[in-house]
Amino acid sequence: MNFVEYFDNYVVIEGVFDEMKCVGGVRKHYDLFMNAFQNVKADEMGLKDELAKKLFLTQGITFTVYSSGEGIEKIFPFDIYPRIIQAMEWDFIESGIKQRLKALNIFLKDVYSHQFIIKDGIIPASLIYSCPNYLREMMNVEVPFDIYTHISGIDLIRDHDGSYYVLEDNLRTPSGVSYMLENRSISYRLFPNQIPENKVRPVHDYPDLLMKNLLALGNRHTSRPTVVLLTPGIYNSAYFEHTTLARLMGIELVEGRDLVVDNHKVYMRTTKGLKKVDVIYRRVDDEFLDPLIFRPDSMLGVPGIYHAYRKGNVAIINAMGNGVADDKAVYAYVPEMIRYYLNEEPILKNVPTYRMENMEERTYTLKNLNNMVVKRTNESGGYGMLIGNTASEAELQSFAEEIEKSPRQFIAQPIISLSSAPCYIDGKLQPRRVDLRPFALSGPDGVDIVPGGLTRVALKEGSIVVNSSQGGGSKDTWVVD
Amino acid sequence: MLSRVAENIFWMSRYMERTNMQLRILRTYYIASQDGVPFVKWDDVFRYYNQGIPAEKSLTANEVLNFILFDKDNESSVVNNIFKARENARSAQDHITKELWQCLNDYYHLIRDKSLQRQLYSGDPVSALDQLVKQCMLYYGIVDISMFRSEGFNYLNTGKYLERLLQSIDALTMQISRTNGSIKDSMDIVSWRYFLVSISGYEYYLKSNSGTVNPGLIFKQVLYEMHFPHSIAYSIAQLDRYAQRLKPESLEESYDKLEFSIGKAAAILKYNSPGTDIGAQLALLQSVESNLLNVVQVFNEYYFGVTA
């Protein structure tokens, strides 16, 4: 079988927008890539797939899944066939994300200071104060350059008509950027010459941009700031990413036990004694960051770090308390935030969201549970979710009861079909559902978004859950001019 | 450098050096057993690698090798050494090169490969051991070619030479005890010969001593020969060399302690001449070993922040 036959045998899912194939054939931005593979034989595709798996294993590109209290290292499944996005579409996404982040950042500044948005009745106070990730400790804390969301990952999906929706904002410690970088380095090897020939926009600037922002935050105190990346340790599911970023930026990868606070200043324990730390890119969640303020049983954080931060002696990235802005119930208000703070219409749409604390919306949801996705407002990674059309009666019943019991903890959304993209599975090209997580970096000089981001794929047939912990994988994302 | 990372690199290196020496000793031992020499006792080997606990039943060479190489329940098995080396490398990934990390990662996948275990069990164990030794050599090559000569490299080398010293002393002590430090029959000659092979010193010995196997000369080579990379004197000199490079990155007190402890071990070696008396030989080895353990203690206390 050659590639033409692969393509001919590729059947799109009915009612689903396919990234590559439309009624008239192949979409224009896939043309060049497709033409290069006219004569590729079936076994060559198989060999490329094998090579990709081998490269991932050799390079230790893994994530950790927790099962029965034990961490199991797994290769992050990778599909060799890239997802291609045309530049014009990307420009639209980019401007939409920039607008959204601008509003979210102002929201965080506002909600932790004057709270105009609450006073003006745009967002109910009860919604904010009942959010478990709203940190009263962050009230009136001076945040460097008023930037809260230094690193964000915005999850986008496409509905059946191809229009983009924001599914989630990840403003705390979004992960996946290392897979974006590794996917590209694997693509170079799988498809020689294709990246320059397709004029794919590069992603390799990401570590430099991130480092530039981190250094800019430290420059308030010293001309040569010490920047570190704080990891929960080798058993964290994103540890590979932590090491990759630390290595690419040439900064120390520290654990909580490597840091100590003295006189409201943070130091790391080195072989030459204590060394002052100016900027911490932390990948430890808020609740574990300082056992003196948050969870007292946390072994991952650093006692006293909160006060060092509050005094302005150390910059922590992302800021603490961002969880209030990416809470799934607050998400429903982001379009209103954009209108309120920026006086603009949102460029990127939200998925329609039903707020369970609203009685009418709750009643509607419970009546139509079969056609809804129900999510817990404070969970991520695809956990704590119900997909109505595939759930059993018992699961529907149990979720309905839980929603009635604590409505604030849930939101519901209609089931969005998610676009599909071709994946090489079992020797055939098959459509699988995808989303897109572009990564944005906000610094004193503005917002930078690396073109592309991470395309996550639901590798199981029929599934719309793309999370790696739930059987998802990823593919390289090419933005082509 | 972070104290934790320094410790991780130090231990990664120790586990790899231990693996290399273990593999070479096992390889030589297995070949000797195929050569039909009577001093090879697999039950003793099992007991040695099982913290002194004998096997419940008599075991074949392949069973013992399987236990030492692949048994995850055996604390000192090679698979566990490699696992620990890799875990330490993971924690220090930002201070070692990507190539080095990938080499250890490959090693981890190699030793977990079922076909290698099958080869050991029902094929040719020497080929299986050769594959593992080759991966060790790859590790050393990558360290040499790719590792930047910074603090991490110095911890890597201090760990390597400390482990080599402890392993060499252990191997020599066992050999002296086994043969009483002498040659009573032709089998003792074979035994000393295999001992030299296991520590990669046979060819050098032949060149230096015109083929005569003499335990006194072997003892001298293993202790004092500066051209022999597994000798105690050579390894202490290398340990001292890399420790000195740590000076600019050390607190004054820490370095003083380190310099003193290494100097003391070197002085004991240098200013003792036990001759052919086995008791004196063993006492000297023991004294050097205990001083080297002090060096480890100094690293723990003053560099890695480990409290006893």
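Residues numbered from 1 in each chain as written. Chains lettered and ligands numbered in written order. Predicted model: local features only at pLDDT ≥ 70, side-chain atom pairs only at ≥ 80, totals over all residues.

**Digging into the overall build of chain A**
Reasoning step 1: For chain A, the helix and strand inventory stands at 16 helices and 25 strands.
Reasoning step 2: Against the compact-globule benchmark of 23 Å for 481 residues, chain A has a radius of gyration of 23 Å, which places it among compact chains.
Reasoning step 3: Along the three orthogonal principal directions, the C-alpha set of chain A runs to about 70 × 60 × 50 Å.
Reasoning step 4: Long-range contacts, defined here as pairs at least 24 residues apart, represent 69% of the contacts in chain A between residues at least 6 apart. (Helix = DSSP H or I, 4+ residues; strand = E, 2+ residues; numbered from the N terminus. Rg over C-alpha atoms; globule rule 2.2 N^0.38 Å. Contact = placed C-beta atoms within 7 Å.)

**Description of the overall build of chain B**
Reasoning step 1: When its secondary structure is counted, chain B shows 14 helices and zero strands.
Reasoning step 2: If you list the helices and strands of chain B from N to C, you get α-α-α-α-α-α-α-α-α-α-α-α-α-α.
Reasoning step 3: In terms of C-alpha radius of gyration, chain B reaches 20 Å, essentially the compact-globule figure of 19 Å for 308 residues.
Reasoning step 4: Over its C-alpha atoms, taken along the principal directions, chain B stretches across nearly 55 × 50 × 35 Å.
Reasoning step 5: Every one of the 308 residues in chain B was classed for burial, and the buried ones make up 44%.
Reasoning step 6: Sequence-distant contacts, at least 24 apart, represent 68% of the contacts inside chain B between residues at least 6 apart. (Buried ≥ 20, exposed ≤ 12 C-beta atoms within 10 Å, placed from the backbone.)

**Re the packing of helix H3 (residues 61-70) of chain B against helix H6 (residues 114-122) of chain B**
Residue and element names in this part refer to chain B.
Reasoning step 1: As a packed pair, H3 and H6 sit with axes 9 Å apart at the nearest point and diverge in direction by 155°. With respect to H6, the element H3 is oriented roughly antiparallel. Note on element contacts: H6 touches H3 through Gln117, Leu120 and Tyr121, opposite Asn62, Leu65, Asn66, Leu69 and Phe70.
Reasoning step 2: Considered class by class, the residues forming the contact of H3 with H6 number five nonpolar, three polar and no charged. (Axes fitted to C-alpha atoms, helices over the stretch in contact; angles between N-to-C directions. Parallel < 35°, antiparallel > 145°, perpendicular 65-115°, else oblique. Nonpolar A, V, L, I, M, F, W, Y, C, P; charged D, E, K, R; others polar.)

**Focus: the sheet that holds strand E11 (residues 265-270) of chain A**
All names here are of chain A.
Reasoning step 1: Strand order across the open sheet formed by three strands is E10-E11-E12, with antiparallel pairing between neighbours. Looking at strand neighbours, the two that pair on one side only are strand E10 (259-262) and strand E12 (273-276), the edges of this open sheet. Sheet twist, expressed as the average angle between the axes of neighbouring strands with direction ignored, equals 40°.
Reasoning step 2: Where E11 lies against E12, four bridges are found, and the strand directions are antiparallel. (Pairing = 2+ DSSP bridges.)

**Description of the domain arrangement of chain B**
Residue and element names in this part refer to chain B.
Reasoning step 1: Under the domain assignment, chain B is made up of domain 1 (1-148) and domain 2 (150-308).
Reasoning step 2: A separation of 21 Å is found between the C-alpha centroids of domain 1 and domain 2.
Reasoning step 3: Here the side of domain 1 that touches domain 2 gets 15 residues from one element, more than from any other, and that element is helix H1 (residues 3-34).
Reasoning step 4: Of the residues assigned to the side of domain 1 that touches domain 2, the class counts are 15 nonpolar, four polar and five charged. (Domains from an automatic or database assignment.)

**Some points on the interface of chain B and chain A**
Reasoning step 1: The partner chain A presents 20 residues to the 20 residues of chain B that form the contact.
Reasoning step 2: Of all the secondary-structure elements, those providing two or more residues to the side of chain B that touches chain A are H1, helix H4 (78-91) and helix H5 (98-111) of chain B.
Reasoning step 3: The leading source of residues in the side of chain B that touches chain A is H5(B), at five residues.
Reasoning step 4: For the side of chain B that touches chain A, the per-class residue count stands at six nonpolar, eight polar and six charged.

**Focus on the environment of Arg224(A)**
Reasoning step 1: Note that Arg224(A) resides in the loop between helix H9 (206-218) and strand E8 (227-230).
Reasoning step 2: Expressed as a C-alpha distance, the spacing of Arg224(A) and Asp278(A), which sit 54 residues apart in the sequence, is 9.2 Å.

**What to know about unusual backbone geometry**
Residues and elements named next belong to chain A.
Reasoning step 1: A cis amide bond links Ile317 with the next residue in sequence, Asn318, at an omega value of -10°.
Reasoning step 2: The topology assignment puts Asn318 in the loop between strand E14 (315-317) and helix H13 (328-331).
Reasoning step 3: Even without being a glycine, Asp146 presents a positive backbone phi close to 55°.
Reasoning step 4: Note that Asp146 resides in the loop between helix H6 (125-129) and strand E6 (151-158).

**Description of helix H4 (residues 87-111) of chain A**
Reasoning step 1: The terminal C-alpha atoms of H4(A), which comprises 25 residues, lie 35 Å apart, in line with the 36 Å expected from a rise of 1.5 Å per residue.
Reasoning step 2: Every buried residue of H4(A) is listed here: Trp90(A), Ile93(A), Gly96(A), Ile97(A), Arg100(A), Leu101(A), Ala103(A), Leu104(A), Asn105(A), Phe107(A), Leu108(A) and Val111(A). (Expected span 1.5 Å × (residues − 1).)

**Some points on the packing of H1(B) against helix H7 (residues 125-146) of chain B**
All names here are of chain B.
Reasoning step 1: Orientation of H1 relative to H7, taken along the N-to-C sense of each, is 155°, at an axis distance of 10 Å. Looking at the two axes, H1 sits roughly antiparallel to H7. Between H1 and H7 lies a crossing whose hand is left-handed. Contacts between H1 and H7 involve Met16, Thr19, Asn20, Leu23, Arg24, Leu26, Arg27, Tyr30 and Ile31 on the former and, on the latter, Pro125, Val126, Leu129, Leu132, Val133, Cys136 and Tyr139.
Reasoning step 2: Looking at side-chain class alone, the contact of H1 with H7 contains 12 nonpolar, two polar and two charged residues. (Left-handed = near helix turned anticlockwise from the far one by under 90°.)

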